[in-house]
Amino acid sequence: MIPLRDTISAKNYPVVNNTLIGINVVIFLVQLSQGAEWNRFVYIYGLVPARYSIPQISVYFSAAQQVFSFVSFMFLHGGFWHLLGNMWSLYIFGDNVEDRLGPLRYLSFYLICGIASGVSHLLLNLSSNLPTIGASGAIAGVMGAYFMLHPRAKILTLIPIFFIPYFLEIPAYFFLGIWFLLQFFNAAASQGQTGGVAWWAHIGGFIFGIIFLKLLLALPGAETHPKIRRGTERKRTPHLQVIRPTGPGPDPHLYGVITITPHEADGGTRKLVNIPWGFHKRLFRITVPPGIKAGSKLRLKGLGKKIGSDERDERGNLYLKVNIK
């Protein structure tokens, strides 16, 4: 199963979340430039538990290096797929958490979750001389916060079966709950091993993400300043949208709603829509003409209900009402 996006639209542009993704990509390119010095680079800037528990190793590192590793380790990655998987998860879940916390609190939240995940891994692997790297722990914290903020949201998931793409909407509480259980089972199964994925960092990040979210929301003045909100307000709705059409009674036509912003209404836009109705085509590209008004309807010919019982019979149309917000 490949998660594509959630169905909760963020009202504001995720400035910090996208910046974090960019920083991770740039630092990965720096890693690639190390060449033969890759392992040394990772050992210095990764989180190595033995550096803190074994005096014979810790003596080679300054206090500043020891402290800095608790931050730097979460921006390093072991390879392209490691980076891609982490950044894709951050892209899917991070925008909604930043939307709720605001840019500055979200940045603090992300870094604290990453540090907490590193501490969790260190305490449970004190003698390990292997560097732990990756944004997984911090992103697990973001997923924990999302789990609390939007448990009933849906995760649009691609399931390729014999090269045919199927799209399903999986409840966020189920998707993230299964993810957390898998981390726990993998952590238990890896006890006593000296290498592999830092499962306990994922678990610690997820749990601390829930705790830190509650603490940040309880702080006085938790709302983001209106000027910041206006500056980060989105000018576009998601390119991929899920539309749930209705078809009352014998009416051969289907009816749904597509949401766009005032900016998109003025200049026009193109959207990719997933329409889960029956078992015919599921993904369509539609064009919204410029200057369209709220309440206008777009007609998708032949995407309604079948008229008659014969397979060759015509179909009704799908009418999408334009919602501008």
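See the structure printed just above.
The rules behind the values
Residues numbered from 1 in each chain as written. Predicted model: local features only at pLDDT ≥ 70, side-chain atom pairs only at ≥ 80, totals over all residues. Heavy atoms only, no water. Helix = DSSP H or I, 4+ residues; strand = E, 2+ residues; numbered from the N terminus. Buried < 20%, exposed > 50% of the residue type's maximum accessible area, 1.4 Å probe, protein only. Contact = heavy atoms within 4.5 Å. Areas by Shrake-Rupley, 256 points an atom, 1.4 Å probe, with all protein chains shown as cover. Pairing = 2+ DSSP bridges. Axes fitted to C-alpha atoms, helices over the stretch in contact; angles between N-to-C directions. Parallel < 35°, antiparallel > 145°, perpendicular 65-115°, else oblique. Left-handed = near helix turned anticlockwise from the far one by under 90°.

Asker: So what's going on with the overall build of the protein chain? Which residues, and what values?
Answerer: Summing up its helical and strand segments, the protein chain has 12 helices and nine strands in all. When each of the 325 residues of the protein chain is scored for burial, the buried share is 45%. Residue pairs in contact within the protein chain that sit at least 24 positions apart in sequence constitute 69% of those at least 6 positions apart. Put simply, the protein chain shows about 17400 Å² of open surface, and 65% of that area lies on carbon and sulfur atoms.

Asker: Explain the sheet that holds strand β2 (residues 154-161) to me, using residue names and the numbers behind them.
Answerer: Spatial strand order, β1-β2-β3: three strands in an open sheet with antiparallel pairing. Of all strands in the sheet, those with a lone pairing partner are β1 (2-6) and β3 (164-171), marking the two edges. Neighbour-to-neighbour, the strand axes of the sheet open up by a mean angle of 30°, direction not taken into account. With eight bridges connecting them, β2 and β3 associate as antiparallel partners. Along β3, the bridge assignment pairs I155 with I170.

Asker: Residue-level account of the side chain of N96, with values.
Answerer: Position of N96 relative to the elements: it lies in helix α6 (residues 80-101). Among the residues examined, N96 registers a relative accessible area of 3% and is labelled buried. Non-local contacts of N96, meaning those with residues more than four positions away in its chain, are made with D6, I8, S9, A10, Y146 and H150.

Asker: With reference to specific residues and values, describe the packing of α6 against helix α7 (residues 103-124).
Answerer: Closest axis-to-axis distance for the α6/α7 pair is 7 Å, and the angle between their directions is 125°. Taken together, the axis directions place α6 and α7 in an arrangement best described as oblique. Crossing hand, α6 versus α7: right-handed. When α6 is examined against α7, the residues L90, G94, V97, E98, R100 and L101 are found in contact with a partner set consisting of P103, R105, Y106, F109 and Y110.

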